[in-house]
Amino acid sequence: EIYAGRHPHVCHVVIPDLRVSQLHARIAPGEEDGSLAVHDLSSNGTFINGTRIGKGNSQVAKHDDVLSFVVTPHRDQLSGRWICADPAMTPHFVAYLVTIPA
């Protein structure tokens, strides 16, 4: 399993933004083939495809799902790209495409 968050000595994926929790999410192999179990440890939110997991809850991420932290992304209907609901936010840390080999 890996941890994502701000804590540089504990997290495998370090996201240096104050809106991200020290330990934001725990990501582990899922029970289904080719999936990941994402456990939300945060106050500001962990999302899969724009749906909030909720602090203390887990959700399964599969191939091509979008895992994001802090803000809810949504898919633009014209371009098909994932964009942030907050246009003032710098998107470099917000969304990660979860690509799991089949």
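A brief look at the structure comes next. (Residues numbered from 1 in each chain as written. Predicted model: local features only at pLDDT ≥ 70, side-chain atom pairs only at ≥ 80, totals over all residues. Heavy atoms only, no water.)

Let's talk about the overall build of the protein chain
Secondary structure assignment for the protein chain yields 0 helices and 11 strands. Secondary structure of the protein chain in N-to-C order comes out as β-β-β-β-β-β-β-β-β-β-β. Burial statistics for the protein chain: of 102 residues in total, 37% are counted as buried. As presented, the protein chain carries roughly 6100 Å² of accessible surface, and 54% of it is formed by carbon and sulfur atoms. (Helix = DSSP H or I, 4+ residues; strand = E, 2+ residues; numbered from the N terminus. Buried < 20%, exposed > 50% of the residue type's maximum accessible area, 1.4 Å probe, protein only. Areas by Shrake-Rupley, 256 points an atom, 1.4 Å probe, with all protein chains shown as cover.)

Examining the nonpolar core
By size, the foremost hydrophobic cluster in this structure holds 12 residues: Ala-4, Ile-15, Val-20, Ala-25, Ile-27, Val-38, Ile-48, Ile-53, Ala-61, Leu-67, Phe-69 and Val-70. When sequence neighbours within four positions are dropped, the list of residues in contact with Ile-27 reads Glu-1, Ile-2, Leu-36, Ala-37, Val-38 and Leu-67. (Core = buried A, V, L, I, M, F, W, Y, C linked by side-chain atoms within 4.5 Å. Contact = heavy atoms within 4.5 Å.)

Some points on the sheet that holds strand S3 (residues 25-29)
Reading across from one edge, S2-S1-S3-S4-S7 is the order of the 5 strands in this open sheet, with mixed pairing throughout. The open sheet terminates on both sides in strands that have one partner only, identified here as strand S2 (13-14) and strand S7 (58-61). Bridge count between strand S1 (residues 2-5) and S3: 3 bridges; the pairing is antiparallel. Its bridge partner lying in S3, Ala-4 is registered against Ala-25. (Pairing = 2+ DSSP bridges.)

Quick notes on the pairing of strand S8 (residues 65-69)
Most of S8 sits out of view: 5 of its 5 residues are buried. Because side chains alternate across S8, one face comprises the buried residues Asp-65, Leu-67 and Phe-69, and the other comprises Val-66 and Ser-68, equally buried. Note that strand S5 (residues 46-48) and S8 share 3 bridges and pair antiparallel. Note that in S8 the partner of Thr-46 across the bridge is Phe-69.

Read these as geometric descriptors, not functional statements.
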